[in-house]
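# Observations on the model geometry
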Amino acid sequence: MKKSSSEGNSTHIYSMDKFAGKGERSESLIHNSGGRNKRVKFSYKCDVCHDTGWILIPQEHMQPLAIACECTKAKKLKSEWKTSGINTEMSTQTFSNFQVWNRSSKLAKDVAITFYNDFNNIRDNKQNSILFCGQVGSGKTHLSVALAINLLDKKIKVVYMSYRDVITKIKRNMLDDEYYTKMLSKYQTCDVLLIDDLFKGKINESDINIMFEIINYRYLNHLPVIISSEFTVDRLLYFDEGIGSRIYEMCKDYIVQIEKEQGNNYRLR
Ligand SMILES: [Zn+2]
């Protein structure tokens, strides 16, 4: 289990590196070749392993010990995203690509960026999550994905869960205890979970039970979620109070509820 909050005596420091970084840093060295100073530029995606994927730990009288670098885990995660149809390296769903076309969409974008800026300070708190809900076609998925990609760039492991696909897959394998537990724990324990299109389609009792197990675990352990759903907070509460109230509590500082008006659907402008 992950440690719970350190509210009260929080010592988080917010770094100002905003949206620029891709984790890349370059070093310049001056080489002296043939009397001329030549600048040689090195650039690694990972400063820890210099893109080898391994960290070598020297040992006395033995071969160095090789352990896998954190960045390989990040790579695995990104390939999982790709399987879900999102290329995190070349996604067009970025903050800068998000078209603001009215007040609601501007507010949605502002809240998403504020959440991103606050994230380091709030991630261990009880209120550490964000909900985009309401109007279909208002860019909820776009902003959720943009947010997730920015967090991934900061080496925070965000797992993408396409609600309908994942719930269908879990239900199909419900009798396989081992698979069920493994699937569930992936969504329960990751750093941040993005649930896309929560409660899309017909929902029944087992959908609710599965979602409760995921949400409740994350709620109890103060693990953030990013949720998009076409349903308003009231509707989420109506579907299941246990799930709805937990989501509300986790997200209440960052709720973007877009009302169902024609002007709020980007595709119908
Ligand atoms: Zn590395």
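Look up a bit, the structure's there.
Here the structure is a predicted model, which is why all the values come from computation and not from measurement.

Before going further, it helps to spend a moment on the coordination of the zinc ion. Protein coordination of the zinc ion is provided by Cys 46 (SG), Cys 49 (SG), Cys 69 (SG) and Cys 71 (SG), with donor distances spanning 2.2 to 2.3 Å. Coordination at the zinc ion is tetrahedral, judged from the four donor atoms that bind it and the angles of 105 to 114° they form at the metal. Judged by relative accessible area, which is 4%, Cys 49 ranks as buried.

Within strand 7 (residues 192-196), five of the five residues are buried, leaving the element largely enclosed by the surrounding structure. Across five bridges, the pairing between strand 6 (residues 158-162) and strand 7 is parallel. The residue bridging Tyr 160 from the neighbouring strand is Leu 194, located in strand 7. As defined by bridge partners, strand 7 adjoins strand 8 (residues 225-229) across three bridges and the pair is classed as parallel.

Turning next to the nonpolar core. If you look at the biggest cluster of nonpolar residues, it comprises 65 residues, and the most contacted ones within it are Trp 81 and Met 211. Not counting chain neighbours up to four residues away, the residues in contact with Met 211 comprise Met 161, Tyr 163, Ile 167, Ile 195, Leu 198, Phe 199 and Ile 243.

Counted residue by residue, strand 8 has five buried out of five residues, so it is predominantly covered. Burial along strand 8 is two-sided: Val 225, Ile 227 and Ser 229 facing one way and Ile 226 and Ser 228 facing the other are all buried. A crossover connection joins strand 7 to the parallel strand 8 through helix 6 (residues 205-220); in handedness this β-α-β unit is right-handed.

What the rule picks out here adds up to eight aromatic pairs. Between Phe 199 and Phe 239 the ring centres are 5.5 Å apart and the planes differ by 70°, which places this aromatic pair in the edge-to-face class. Here Phe 199 is found in the loop between strand 7 and helix 6, whereas its partner Phe 239 is found in helix 7 (residues 233-239), with 40 residues between them in sequence. Residue classification places Phe 199 among the buried residues on the basis of a relative accessible area of 1%. Accessibility expressed as a relative area gives 23% for Phe 239, which makes it partly exposed. Judged by centre distance (6.3 Å) and plane angle (50°), the ring pair of Tyr 238 and Phe 239 falls under tilted. Directly above the aromatic system of Tyr 219 lies the positively charged group of Arg 246, at a separation of 5.3 Å from the ring centroid.

Tracing the chain through its elements places Asp 207 in helix 6. The exposure class of Asp 207 is buried, given its relative accessible area of 0%. Beyond its immediate stretch of four places on either side in the chain, Asp 207 contacts Tyr 163, Arg 164, Ile 167, Lys 171 and Lys 202.

Turning next to the pattern of salt bridges. Going through the model one piece at a time under the given rule, you end up with eight salt bridges. Between Lys 78 and Glu 89 there is a salt bridge, and its shortest N-O distance comes to 3.1 Å. Pair noted here: Lys 78 is in helix 1 (residues 70-83) and Glu 89 is in the loop between helix 1 and helix 2 (103-122), with a separation of eleven residues, a long-range link. Assessed through its relative accessible area of 46%, Glu 89 is described here as partly exposed. For Glu 249, the salt bridge goes to Lys 126, with nearest N and O atoms at 3.8 Å. Of this pair, Glu 249 sits in helix 8 (residues 241-251) while Lys 126 is found in the loop between helix 2 and strand 5 (130-134), placing the two residues 123 residues apart along the sequence.

Thresholds, definitions, all that
- Residues numbered from 1 in each chain as written.
- Predicted model: local features only at pLDDT ≥ 70, side-chain atom pairs only at ≥ 80, totals over all residues.
- Heavy atoms only, no water.
- Donors = N, O, S within 2.8 Å, 3.2 Å for Na, K, Ca; no water.
- Tetrahedral: all angles 85-135°; square planar, octahedral: opposite > 155°, others 65-115°.
- Buried < 20%, exposed > 50% of the residue type's maximum accessible area, 1.4 Å probe, protein only.
- Helix = DSSP H or I, 4+ residues; strand = E, 2+ residues; numbered from the N terminus.
- Pairing = 2+ DSSP bridges.
- Core = buried A, V, L, I, M, F, W, Y, C linked by side-chain atoms within 4.5 Å.
- Contact = heavy atoms within 4.5 Å.
- Right-handed = clockwise from strand over helix to strand, strands pointing away.
- Phe/Tyr/Trp six-rings, centres within 6.5 Å; stacked < 30°, edge-to-face > 60°.
- Lys NZ or Arg CZ within 6 Å of the ring centre and 35° of its normal.
- Salt bridge = Lys/Arg side-chain N within 4 Å of Asp/Glu carboxyl O.

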